[in-house]
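# Per-entry structural report
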Amino acid sequence: MNPGYELPQDEAGYSFGFLDEFAKREIRRTLLKAISIPGYQTPYASREMPMGRGFGTGGLQLTLSLIGPGDTLKVIDQGADDSVNAVNLRHFVELTCPGVDTTERTHEATLIQSRHRIPERALTEQQVLVLQVPYPDPLVIVEPSEARRKVMHGEGDYSRLLTKLYEDIVQFDEITISHRYPTRINGHYVIDPSPIPRYDVPRLHQSRALVLLGAGREKKIYAVPPYTDAMPLVFDDVPFRIEDFRDGQGHRRACSRCGATDSFLDEMIADDGSKTWQCSDSDYCNETLATRTAQIEVTA
Amino acid sequence: MHEARVNTNSTDQHAIQPWQPLAQQAAFRHVLEAFSYPGRVVSLGAAPNDTLTMLLATLVDAGVTLADPLNQVSADDRRRLDAQLALPDRAQFVVSQGAHVPDYQPVLGTLESPEHGATVIVCVESLGEGARLDLTGPGIDGETTLHVAGMAPGWWIQRSRWNTSFPMGVDLILVAGRRLVALPRTTRIQVKGAH
């Protein structure tokens, strides 16, 4: 976004949160149904936002329908608060929601909008996580007709999706889905949990915080309520695996910046071809670094 | 911009509160909490007599249908809500009363579109005392207990009938005084104790 741009509030008379009250009410009603039917892709009238669809408009519409004065918002993109998508969305909320605080610290936030990651630090009952979703329907790879997919979802019929996973194992000895891993919610609906890595899928299971997923382009909202089963789709004899961060010797790689060995790592390739690994969650990395530095100071 | 005229009279303040966007936003967050954690009693922060109005103003507008077979919503509020009125077996939102066991079946939705299942708002005498309900299901950490007074036992029989074929079903909101509790279709209820 152009840093000099100012929303013409006086002329246009935007309401708090940019969306009009009818749009918010419709999203709010949809949210309650989405929670009541865990994992069901509830249709809603996705509004035009002053940014392209595919840039997080689904998540943003949820955030704007939820947020109010007294809320503290954190926006992350691939784990980082300072990447383009996160900065722009946060800036937009600051412009349109006077009285709302923003933060980069997970534990201070009441509302967290995220693209592609769930924060490392466990969320609490006082927090709501909003995930931006590009493709909401996991069945789209096996069935092109939405009408038929809706019946399959209703019946909990995921045999064709399981066949796809089986074919992967036959061909590659491994299910080849790295992110957006199909996950069954409360034993019925299978969702696309948005492009979070496999590493984050177990965090959805029995989460303390409500998780809401918004797909603006596809006009769908769905939810993983707190304390609800979220099981990745697997076979009895092929257990679910998360990303493997061990090096050649079998040691867990540590973040090159903060030294954490218990976080999801991004692989960085330098110009000379050498690789380093660093926490994807920037707030977690900063916190771990601060704790380490404080410990060193105490012992010194 | 025009200077909004603010009436400082306190009774008028109460009367207009449910129709203010920021009051609705705050109320919605409480309703969201109630649906996320079924059995948890929340307060909407409205005056005791205004809780039903506050709830309706937060969720209902000209885009939905409303049934009020027992005339529990005042004519003024109905006009302000601007919802299309419908019969209780057709409406998306039904306002009902705990003492009256429903003789209708609300909309349950379809297998393809279970979100069409109705939201039934039931006014009861009190939450926190009365018959004991043991609740399990999504949103509940293990099991939780809810006490409800003024809900005829027939309600629970009807509710379990409506909710036999998940994903179809009906979501309940119980309202008493300032407080409310949500019982989405996924919540399993075991009724214990006298009514």
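None of the values given here were measured: they were computed from a predicted structure.

Rules used in this analysis
- Residues numbered from 1 in each chain as written.
- Chains lettered and ligands numbered in written order.
- Predicted model: local features only at pLDDT ≥ 70, side-chain atom pairs only at ≥ 80, totals over all residues.
- Helix = DSSP H or I, 4+ residues; strand = E, 2+ residues; numbered from the N terminus.
- Rg over C-alpha atoms; globule rule 2.2 N^0.38 Å.
- Buried ≥ 20, exposed ≤ 12 C-beta atoms within 10 Å, placed from the backbone.
- Contact = placed C-beta atoms within 7 Å.
- Domains from an automatic or database assignment.
- Nonpolar A, V, L, I, M, F, W, Y, C, P; charged D, E, K, R; others polar.
- Pairing = 2+ DSSP bridges.
- Axes fitted to C-alpha atoms, helices over the stretch in contact; angles between N-to-C directions.

### Observations concerning the overall build of chain A
- Helices and strands together make up the secondary structure of chain A, namely eight helices and 12 strands.
- Its C-alpha atoms give chain A a radius of gyration of 20 Å, near enough to 19 Å, the size a compact globule of 300 residues would have.
- Out of the 300 residues in chain A, the part that is buried amounts to 45%.
- Here the analysis covers contacts within chain A between residues at least 6 apart in sequence; of these, 60% occur between residues at least 24 apart.

### Focus: the domain arrangement of chain A
All names here are of chain A.
- Domain boundaries assigned for chain A yield domain 1 (9-232) and domain 2 (265-299).
- Here the C-alpha centroids of domain 1 and domain 2 sit 28 Å apart.
- Between domain 1 and domain 2, the residue contacts involve 12 residues of the former and five residues of the latter.
- Among the residues forming the side of domain 1 that touches domain 2, the class breakdown is two nonpolar, three polar and seven charged.

### With respect to the interface of chain A and chain B
- Counting from both sides, the interface comprises 32 residues of chain A and, opposite them, 30 residues of chain B.
- When contributions to the side of chain A that touches chain B are tallied by element, the ones reaching two or more residues are α2 (21-36) and α5 (146-155) of chain A.
- Element by element, the count of residues in the side of chain A that touches chain B is highest for α2 of chain A, at 11 residues.
- The class makeup of the residues in the side of chain A that touches chain B is 15 nonpolar, eight polar and nine charged.

### Quick word on the sheet that holds strand β5 (residues 119-123) of chain B
All names here are of chain B.
- The seven strands lie next to each other as β1-β9-β8-β5-β4-β2-β3, forming an open sheet whose pairing is mixed. Of all strands in the sheet, those bounded by a partner on one side alone are β1 (42-43) and β3 (84-85).
- The sheet strands contacting helix α3 (residues 51-59) are β4 (93-97), β5, β8 (171-176) and β9 (179-183), and the helix crosses β8 at an angle near 145°.

### A word on α5 of chain A
Residue and element names in this part refer to chain A.
- Among all positions of α5, only K150, M152, H153 and G154 are buried.
- Check the buried side of α5 and you find it contacts β7 (189-191).
- Once α5 finishes, G156 follows within two positions and takes phi at roughly 65°, a positive value.

### Re the environment of P202 of chain A
- By the secondary structure assignment, P202 of chain A is in helix α7 (residues 201-204).
- Along the backbone, P202 of chain A and M231 of chain A are 29 residues apart, and their C-alpha atoms lie at a distance of 7.6 Å.

### So, helix α3 (residues 57-66) of chain A
- Here α3 of chain A lies mainly inside the structure; 10 of its 10 residues are buried.
- Those residues of α3 of chain A that sit buried are T57, G58, G59, L60, Q61, L62, T63, L64, S65 and L66 of chain A.

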